[in-house]
Amino acid sequence: MTCPVILVANWKMKLGVGESEKLAKDVVRGLKSSRDHGRAVILCPSFPALDRVADVLRNTNIAIGAQDVFWQTSGAYTGEVSARELKELGCRFVIIGHSERRALGEADADVHKKTRAALTAGLTPILCVGEPIAVRRAGRQASYVRQQLAAALKGLRRSRVIIAYEPIWAIGSGKADNPESIARMARVIHATVGAMPVLYGGSVSASNARDFLHTPGIQGALVGGASLHTAEFITIATS
Ligand code: PGA
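The structure presented is a predicted model; accordingly, all values stated were derived computationally and were not measured.

What counts, and where the lines are drawn
- Residues numbered from 1 in each chain as written.
- Predicted model: local features only at pLDDT ≥ 70, side-chain atom pairs only at ≥ 80, totals over all residues.
- Heavy atoms only, no water.
- Buried < 20%, exposed > 50% of the residue type's maximum accessible area, 1.4 Å probe, protein only.
- Helix = DSSP H or I, 4+ residues; strand = E, 2+ residues; numbered from the N terminus.
- Pairing = 2+ DSSP bridges.
- Right-handed = clockwise from strand over helix to strand, strands pointing away.
- Salt bridge = Lys/Arg side-chain N within 4 Å of Asp/Glu carboxyl O.
- Core = buried A, V, L, I, M, F, W, Y, C linked by side-chain atoms within 4.5 Å.
- Contact = heavy atoms within 4.5 Å.
- Near = heavy atom within 4 Å.
- Polar contact = N/O pair within 3.5 Å; in protein donor to acceptor, adjacent residues only side chain to side chain.
- Areas by Shrake-Rupley, 256 points an atom, 1.4 Å probe, with all protein chains shown as cover.
- Nonpolar A, V, L, I, M, F, W, Y, C, P; charged D, E, K, R; others polar.
- Disulfide = S-S within 2.5 Å.
- Phe/Tyr/Trp six-rings, centres within 6.5 Å; stacked < 30°, edge-to-face > 60°.

(A) Seen up close, the pairing of strand E7 (residues 198-201). The two faces of E7 match: Val198 and Tyr200 on one face and Leu199 and Gly201 on the other face are all buried. Where strand E6 (residues 162-165) and E7 come together, 3 bridges link them in parallel fashion. Looking at the pairing, Tyr165 lines up with Tyr200 of E7. A crossover links E6 with its parallel partner E7, the connecting element being helix H8 (residues 179-193), and its sense is right-handed. Taken together, the 3 bridges between E7 and strand E8 (residues 220-223) define a ladder with parallel strand orientation. Bridging across to E8, Leu199 finds its partner in Gly220.

Here it is in structure tokens:
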């Protein structure tokens with residue numbers, strides 16, 4: 001059985017709850033009318049919008065995911081959200097270790113605990129890795145990403161993990177990485193963690209999606225900015 005191409009929409013904190021609900025409805029409508037797309041599409045709204053977006057996606061073949069999760073199952077952790085709550089809301093996926101969270105102080109050890117909590121609860125982690133620009137300029141991206149993977153997945157069962165390779169300098173910059181180096185990083189990732197799906201993320205748009213979705217070793221894309229525009233996201237999802 002071949003795994004379908006995976007398209008993850010990361011809406012970040014860019015939309016209100018009502019706007020998220022509307023975008024979800026538009027995506028459902030758009031993908032329905034574009035014949036059998038044969039893609040696994042996962043929408044990741046912010047926490048407050050999960051419930052309403054989950055309602056919109058019920059009885060569709062579009063899945064819902066969260067953008068983060070806490071590692072404890074319950075307790076006095078003001079402001080945090082557990083994997084169990086995400087499951088209750090219908091999430092099957094959760095983005096973990098996004099560089100924007102790492103920039104706010106999330107360490108490799110936190111990413112590891114979150115990945116473990118997600119797996120334990122039966123969620124599929126979409127584990128983000130990727131190097132900053134200085135590391136890339138020094139040509140050390142392979143060892144940087146290998147270390148991130150080792151730290152996040154140490155001792156965990158890996159059969160249900162999706163990896164998103166997102167060079168930090170490519171995120172939101174309009175400067176996507178090139179397919180050759182992405183293919184090289186996909187080989188590095190597979191050699192490190194085995195045969196799990198590897199997505200590319202970082203300035204994916206309607207005009208370049210086709211290149212990435214046909215890059216050897218790449219199974220799909222994690223899309224930020226371009227996922228906020230229905231027509232563009234539908235174009236990407238059907239590329
Ligand atoms: P971008 O974001 O597509 O806007 O570059 C990707 C991401 O942060 O996941």
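Read on for the rest.
(B) The arrangement of the pattern of salt bridges in detail. Tallied over the entire structure, the rule returns 13 salt bridges. A salt bridge links Asp68 to Lys114; the nearest nitrogen and oxygen atoms lie 3.0 Å apart. Highlighted residues: Asp68 in the loop between strand E3 (62-66) and helix H3 (83-88) and Lys114 in helix H5 (residues 108-121), separated in sequence by 46 residues. Across the pair, exposure class does not vary: Asp68 and Lys114 are buried alike. Notably, a salt bridge pairs Arg101 with Glu106, separated by 3.5 Å at the nearest N-O pair. Taken together, the shared-partner salt bridges in this structure form one network comprising Asp68, Arg101, Glu106 and Lys114.

(C) Broad picture of the nonpolar core. Leu43, Leu86 and Ile163 are the most contacted members of the largest nonpolar core, which totals 61 residues. Leaving out residues up to four positions away in the same chain, Leu43 has contacts with Ala9, Trp11, Ala24, Val27, Leu57, Ile62, Ala63, Ile64, Gly65 and Phe233.

(D) Focus on the site of the ligand. The immediate surroundings of the ligand are formed by 13 residues, with Lys12, His98, Glu166, Gly172 and Ser203 found nearest. Measuring from an oxygen atom of the ligand, one finds a side-chain N or O atom of Lys12 at 2.7 Å. Between the ligand and the protein, one listed contact pairs an oxygen atom with a backbone N or O atom of Gly225 at 2.8 Å. In isolation the ligand offers 280 Å² of accessible surface; the protein chains occlude 95% of this area. The residue makeup of the shell around the ligand, split by class, is 4 nonpolar, 7 polar and 2 charged.

(E) Layout of the side chain of Asn10. By the element assignment, Asn10 lies in strand E1 (residues 5-10). With relative accessibility at 5%, the residue Asn10 sits in the buried group. Looking at Asn10, its side chain comes within polar contact range of the main-chain nitrogen of Lys12, at 3.1 Å. The contact partners of Asn10, leaving out residues within four places of it in the chain, are Cys44, Gln67, Ile95, His98, Leu222, Val223, Gly224 and Ser227.

(F) Local environment of the environment of Ala142. Mapped onto the elements of the fold, Ala142 is located in helix H7 (residues 141-153). Separated by 104 residues in the primary sequence, Ala142 and Gly38 place their C-alpha atoms 32 Å from one another. Each residue touching Ala142, except ones within four places of it in the same chain, is listed here: Met185 and Val188.

(G) Structural view of the state of the cysteines. Inspection of every chain in the model, using the stated rule, returns 0 disulfides. Unpaired in terms of disulfides, Cys44 finds its nearest cysteine sulfur in Cys91, a separation of 7.8 Å. Given a relative accessible area of 0%, Cys44 falls into the buried group.

(H) Expanded view of the packing of aromatic side chains. Following the criterion strictly, the structure yields 3 aromatic pairs and no others. Plain terms: the ring middles of Phe70 and Tyr77 are 5.1 Å apart, the flat faces sit at 50 degrees to each other, and that makes the pair tilted. For Tyr77, a relative accessible area of 35% translates into the label partly exposed. Here the aromatic rings of Tyr200 and Phe212 are separated by 4.6 Å at their centres, their planes lie at 35 degrees, and the arrangement is tilted. Taken together, the residues Tyr200 in strand E7 and Phe212 in helix H9 (residues 209-213) connect sequence positions 12 residues apart. One exposure class covers both Tyr200 and Phe212, and it is buried.

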